[in-house]
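Close look at the chain arrangement
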Amino acid sequence: MEAGVVHAAGGRRRELEGSPAARLPDRLLRWGLTALSVGVIVLIAFFFIRLIVESEPVFSEQGVFNYLFTDNWVPSRDLYGALPLIVGTLITSAIALVIGVPVAVATALYVTELAPRRVRQPLTVLVELLAAVPSVVYGLWGFFFLIPKLQPATRWFADTFSFIPFVGGSVTGPNYFVAGLILAIMILPIVSAISREVMSTVPREHKEAALALGATRWEMIRMAVIPYSRAGIAGGAMLGLGRAIGETIAVTLVIGNAPVIGDSIFQQGYTLAAVIANEFGEAASDPLHRAALIAAGLVLFVLTLVVNGIARTFVVRAERGSRAAAKPAAGMAG
Amino acid sequence: MRYSRILAVATAGAIAVGVAACGSSDDDNSTTAATGDGAAAATLSGTLNGAGATFPQPVYSEWANRFRDEFGVTVNYQGIGSGGGIAQFTEGTIDWGATDAALDDEELAAAQRKGEPVHIPTVLGAVTVSYNVDGVDRGLRLDGATIADVFLGRITKWNDPAIARLNDGVDLPDTDITVCHRSDESGTTANFTLFLSDYSRAWADGPGSDKSVKWPAGTGARGNDGVAGCVKQTQGSIGYVEQAYALQNDFTTAAVQNKAGNFVEPSLEATSAAGEGVRPPADLRFATINADGDQTYPISAVTFMLAWQDGCRAGLSRETATNVKAWLNYALGAGQEVAPELAYAPLPDSIKTQAQARVDALTCDGAPIEVPAG
Amino acid sequence: MSAFTIEPVDPRRRRADRVSRGLVLALTLVALVPLVLVVYYLLKQGLGAISWEFFTTDPSGSFLGDPGGVKSAIVGTVMMVGLAAVIAVPIGVGVAIWLVEFGRESKLAQAIRYFVDVMTGVPSIVFGLFVYITLVTSGFGGTSFAGWKGSVALALLMLPVVTRSAEVVLLLVPNTLREASYALGAPRWRTVVRVVLPAALPGIVTGVLLAVARAAGETAPLLFTAAVVNDTTFNLDERMNSLPALIFQNVGQAQDRLVQIAWGAALTLVAMILILTLLARLIQRRSRLS
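Rules of the game
- Residues numbered from 1 in each chain as written.
- Chains lettered and ligands numbered in written order.
- Predicted model: local features only at pLDDT ≥ 70, side-chain atom pairs only at ≥ 80, totals over all residues.
- Heavy atoms only, no water.
- Helix = DSSP H or I, 4+ residues; strand = E, 2+ residues; numbered from the N terminus.
- Contact = heavy atoms within 4.5 Å.
- Phe/Tyr/Trp six-rings, centres within 6.5 Å; stacked < 30°, edge-to-face > 60°.
- Buried < 20%, exposed > 50% of the residue type's maximum accessible area, 1.4 Å probe, protein only.
- Domains from an automatic or database assignment.
- Buried area = accessible area lost by both parts, 1.4 Å probe.
- Salt bridge = Lys/Arg side-chain N within 4 Å of Asp/Glu carboxyl O.
- Polar contact = N/O pair within 3.5 Å; in protein donor to acceptor, adjacent residues only side chain to side chain.
- pLDDT = per-residue confidence, 0-100.
- Disulfide = S-S within 2.5 Å.
- Axes fitted to C-alpha atoms, helices over the stretch in contact; angles between N-to-C directions.
- Parallel < 35°, antiparallel > 145°, perpendicular 65-115°, else oblique.
- Left-handed = near helix turned anticlockwise from the far one by under 90°.
- Nonpolar A, V, L, I, M, F, W, Y, C, P; charged D, E, K, R; others polar.
- Pairing = 2+ DSSP bridges.

This paragraph deals with the environment of Val133(A). In this fold, Val133(A) is placed in the loop between α5 (117-129) and α6 (135-160). Between the C-alpha atoms of Val133(A) and Met186(A), which are 53 residues apart in sequence, the distance is 8.7 Å. Setting aside anything within four residues of it in sequence, one finds Val133(A) in contact with Tyr138(A) and Val38(C).

Okay, structure coming up:
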């Protein structure tokens, strides 16, 4: 920082500017940290390149299009069509979002708008404790407790509502739905925390304006809180989606690990992450199989990149929206 | 503020202690090479790392425990499936491997790039056909063709005439059959599908026999325990699990028709009988599926340990190679007496002698390995 | 001043209001149900295994005899996560400092933020895979599986979490503090080390504890990097046991005593993570109050 302000001090200027030697630690700090940060990018780039290089054998053998869009994953015959895996990943993540986001938003709403003051902190902590349970425990609980308990109910549901597409048909114990449900529980804390953050920044003026116009509590939420928080909630949902896409252990225990595309959400399937966990042990000595699994990891990585990119645009939009909203509020206050 | 500072210091301290302790090593786990020119060390010590089939995991685990008590060598065993055992053995990340299915030609070629793999059969176990059907007791009679049709998805109800035909007098309900099978590469699967292929043309031409196949029907689960869980939780289910898991879960198991035409339930005697009915080739790559014998249980599987003919040339230290030989000696010696306690059948004498000869012939850098009498 | 009547709310709207608020409350309670069920199930399955011996003996692997305890797994988890923290925290905080103090809104900083965010989303198994193909099969350092390689995989997992939370906290440090420091003639590095960091410390500690809690519960990265062993070892250059790996390995054994050990280990792990999480929140609250 230039000590130009102290020109007037004359002789003392050099003292305050500091000798070049004294500047050295500053420069070291700056360059050191810059190198570190660039190093992080280099690491990720190396990561990405290594994944591509290691998965090359299966792409040159089958072609990228074949790998991604063929429904035929039979390692014992050297056939690697990853479509059922990709579809399974997308289905379970979609179910996780459909179930998890509304519940997460509801908890965030309750905590920020509707709960009595004393309940807020404990409730927040309780929702966050959901994140403290490791994924292997969720998976085991899902396998030993949830699946048997849910089977009669899902069978009834599938029979009663079989006219809805993708619901009717046979019901297996482990299936897409249970996996999606477990994932929903796992992404709840993240989506709830972000929604809560966003909702707590809704300008009071907006809420008070709605109430002043005679709105009921719920109408105020609908008119002032939700529209304002929409972009932020979407960003949070994207982060939850990213987590759901990559969850491995919990999913592999409850999805049935069948490389097929089921007819209904109550049938078993497979995901990219689960196949890596299940098959990597034996694939290590089979170069093509190993490349196929690393390619699955690569696809996961790319999916994460895409989802994160989308999340960012939502967050940016949210920030822009909040800045725009702040202006008229300032005007009103003024 | 003060709290967080104390905590930060405490955390840093704990981490520092941890990192400092990282330099020190636990005595039991020292892997320093034994003093050695060519002479064997006075006693054994060190750690052995093995991995592979979950099929024999109970007995290998128990052996490891007793081996450590008697010889002071720690044996670590990870049940990752036969495929995993073969893969890691070939890669060199473990010292000995375990598999229910002998290496096929392709796997053999891959392993031979590093050294000559030796198959040492250890025990025989029964692959039970377990089922969970209300009102149906153990001993349901099934033959290979029927079982294959069930797993092919051709027979979908328990009261199907094919099953009823074999079971006069048994009240079979009109329940759907849910098939439980393995989702990971498994020697248990290899043995089971070998049996199915023997009795069903449709199976042999279709999914075939391998550590992992494309299952026409059913739910996939990880490991013997996964299939056991699937059977346990689902009414009307049927699955193939190793005898120890069937016993643990108190499953009702089928009496399977063997080559001689008799319906035999999985038992220690019936499993041992399968071993008697087989004469293995010189390289000990064999299977005991569908063996001859009146009272043989037809889905008895022999399981192997994998070791390098010349461990040192394959990358093991002298100490590790010696430990491997001692471990194999134990498996073929005192271990055989422990096996029945866990419902595994010991090897018949003829096979054991053949196996022991291979173990005796293990070398390190060309010279036979001398194992100190623990 | 004329009195003006306030119209009563249309009963339909009032009903909608009550129903909606009830729905929100119901969904909130639904969110808590899994937590209760999981904790209850864990206690039911695992409490029976808990004893003093459970924490102080190693697993024996014995099927017929005493299955032992989980000492090696606890030691392994603490050591591997500890080393992971030692790797991830300085790097993460360093990157965060650079982003806040030097990079700010530059193109490079934006790129780094994006990639750090991406890292948050990468599945833990892909990190384990990466470490497996770069460090384990190549026999880096003369070993195949090793505890420190597991730590590397965990550190990759922790890094983005630490960086992100540290950046948020550093941004919250009021600029007036920095300006005061500069006005007193302190050089940049002194300001950062003596003024900014201490102010942000509680928040950084919170972030670290949360990252540690996350890493302690991860199984996937450890499956291919540290393997599973029974004996306690303090040597990170060897294979190490860990609670998630022990749980995963034992829960499927054909011996009920071993299965119970697995559930006891699961209970222990959840308790450890719970304590870390609550501690982190406590620090956060205290710092906000102060």
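What follows covers the packing of aromatic side chains. On inspection of all chains with the given rule, the structure shows 44 aromatic pairs over all chains. Aromatic side chains Phe47(A) and Phe130(C) sit 4.5 Å apart centroid to centroid with 80° between the ring planes, which places their arrangement in the edge-to-face category. With Phe47(A) in helix α2 (residues 20-62) and Phe130(C) in helix α5 (residues 124-136), this pair bridges two chains. With respect to burial, Phe47(A) and Phe130(C) carry one shared label: buried. Judged by centre distance (5.4 Å) and plane angle (45°), the ring pair of Trp96(B) and Trp327(B) falls under tilted. Taken together, the residues span a long stretch of sequence, with Trp96(B) in strand β3 (residues 96-99) and Trp327(B) in helix α12 (residues 318-332) at a distance of 231 residues. In this pair, the class of Trp96(B) matches that of Trp327(B), namely buried. An aromatic cluster is built from Tyr60(B), Trp63(B), Phe67(B), Phe71(B), Tyr77(B), Trp96(B), Trp327(B) and Tyr330(B), whose rings are joined through pairwise contacts.

Residue and element names in this part refer to chain A. The assigned domain composition of chain A is domain 1 (2-60) and domain 2 (64-332). Taken together, both faces of the contact between domain 1 and domain 2 bury some 1,000 Å²; the carbon and sulfur share is 86%. Linking domain 1 to domain 2 there are one salt bridge. Among the salt bridges present, the one from Arg290 reaches Glu54, with a minimum N-O distance of 3.0 Å. In this assembly, domain 1 and domain 2 are joined by one residue pair in polar contact (both at pLDDT 80 or more).

Residues and elements named next belong to chain A. On average, residues of chain A carry a pLDDT of 84, and 88% of them reach 70 or more. Put simply, helix α1 (residues 12-17) is where chain A has its lowest mean pLDDT, 51, and helix α4 (residues 83-114) is where it has its highest, 93. Low pLDDT, under 50, characterises residues 1-15; the predicted model gives this stretch seven contacts beyond four residues in sequence or across chains.

This next bit is on the state of the cysteines. Residue and element names in this part refer to chain B. In the structure shown here, the tally under the stated rule is two disulfides over all chains. The disulfide partner of Cys180 is Cys230, and the S-S distance across this bridge is 1.9 Å. Taking the sign of the S-S torsion, about -70° here, the bridge from Cys180 to Cys230 comes out left-handed. Of this pair, Cys180 sits in strand β6 (residues 178-182) while Cys230 sits in helix α9 (residues 223-233), and the two are 50 residues apart along the sequence. We classify Cys180 as buried; its relative accessible area is 0%. Overall, Cys230 belongs to the buried group, its relative accessible area being 7%. Cys312 shares a disulfide with Cys364; S-S distance 1.7 Å. Of note, the bridge from Cys312 to Cys364 carries an S-S torsion of about -100° and is left-handed in sense. Placement of Cys312 in the loop between β12 (300-308) and α12 and of Cys364 in strand β14 (residues 363-364) is noted, with a sequence separation of 52 residues between them. This pair shows no difference in class: Cys312 is buried, exactly as Cys364 is.

On to the packing of α4(A) against helix α9 (residues 217-246) of chain A. All names here are of chain A. Look at α4 against α9: their axes get within 9 Å of each other, and the N-to-C directions meet at 140°. As summarised for this structure, α4 and α9 are arranged oblique, according to the angle between their axes. Handedness of the α4/α9 crossing: right-handed. Residues Thr89, Ser93, Ala96, Leu97, Val101, Val105, Leu109, Glu113 and Leu114 of α4 form the contact with α9, whose participating residues are Arg217, Trp218, Met220, Ile221, Val225, Ile226, Ile233, Ala237, Leu241, Ala244 and Ile245. A per-class count over the contact of α4 with α9 returns 16 nonpolar, two polar and two charged.

Facing 74 residues of chain C, the contacting portion of chain A comprises 76 residues. Counting each side, the surface lost to burial between chain C and chain A is near 6,900 Å², with a carbon and sulfur contribution of 80%. At the surface where chain C touches chain A, the tally comes to two salt bridges. We note a salt bridge from Glu128(A) to Arg281(C), for which the minimum N-O separation is 2.6 Å. For the interface between chain C and chain A, the tally reads nine residue pairs in polar contact (both at pLDDT 80 or more). No other element matches the 17 residues that helix α1 (residues 11-46) of chain C contributes to the side of chain C that touches chain A.

Now for the pairing of β6(B). Both faces of the sheet carry side chains from a regular strand, because those side chains alternate between them. Residue and element names in this part refer to chain B. β6 sits mainly inside the fold: four of its five residues count as buried. Sheet topology note: the β6/strand β8 (residues 237-242) ladder contains three bridges and is parallel. Directly across from Val179, in β8, lies its bridge partner Ile238. Bridging between β6 and strand β7 (residues 219-221) involves three bridges; their strand directions are parallel. Of the residues in β7, the one forming a bridge with Cys180 is Thr219.

Looking now at the sheet that holds strand β5 (residues 141-142) of chain B. With mixed pairing, the three strands of this open sheet are ordered in space as β5-β10-β11 (chain B). Each end of this open sheet is capped by a strand with a single partner; those strands are β5 and β11 (263-264) of chain B.

Residues and elements named next belong to chain A. Bridge count between strand β1 (residues 71-74) and strand β2 (residues 79-82): four bridges; the pairing is antiparallel. From the neighbouring strand, Val74 faces β2, where its bridge partner is Leu79. Connecting the antiparallel pair β1 and β2 is a turn made up of four residues, with Asp78 showing a positive phi of about 60°.

This part is about unusual backbone geometry. Of note in this structure, Asn257(A) is not a glycine but carries a positive phi near 50°. Here Asn257(A) lies in the loop between α10 (249-254) and α11 (272-283). For Asp250(B), which is not glycine, the phi dihedral falls at a positive 55°. In this structure, Asp250(B) sits in the loop between α10 (243-248) and β9 (252-253). For Asp250(B), a relative accessible area of 69% puts it in the exposed group.

Attention shifts here to helix α5 (residues 144-152) of chain B. All names here are of chain B. Among the nine residues that make up α5, seven are buried, leaving the element largely enclosed by the rest of the structure. For α5, the full list of buried residues reads Gly144, Thr146, Ile147, Ala148, Val150, Phe151 and Leu152. Looking one or two residues past α5, Gly153 carries a phi angle of roughly 85°, positive in sign.

Glancing now at the interface of chain A and chain B. Contacts between the two partners involve 23 residues from chain A and, on the opposite side, 25 residues from chain B. Carbon and sulfur atoms make up 45% of the area that chain A and chain B hide from each other, which totals about 1,800 Å². Counting every contact that joins chain A to chain B gives zero salt bridges. Seen at the junction of chain A and chain B, the total is seven residue pairs in polar contact (both at pLDDT 80 or more). Residue assignment for the side of chain A that touches chain B shows that the elements contributing at least two residues are β1, α6, α11 and α12 (287-333) of chain A. When residues of the side of chain A that touches chain B are assigned to their parent elements, the largest contribution, five residues, is made by α6(A). Tallied by class, residues from the side of chain A that touches chain B come to nine nonpolar, eleven polar and three charged.

Inspection of every chain in the model, using the stated rule, returns 26 salt bridges over all chains. We note a salt bridge from Asp205(B) to Arg201(B), for which the minimum N-O separation is 3.4 Å. Placement of both Asp205(B) and Arg201(B) in helix α8 (residues 201-205) is noted, with a separation of four residues, approximately one turn of the helix. Each member of the pair, Asp205(B) as well as Arg201(B), is classed as exposed. Between Glu167(C) and Arg113(C) there is a salt bridge whose closest N-O contact spans 2.5 Å. Placement of the pair is Glu167(C) in helix α6 (residues 147-172) and Arg113(C) in helix α4 (residues 107-121), with a sequence separation of 54 residues. Connected through shared salt-bridge partners, Arg50(A), Glu54(A) and Arg290(A) make up one network.

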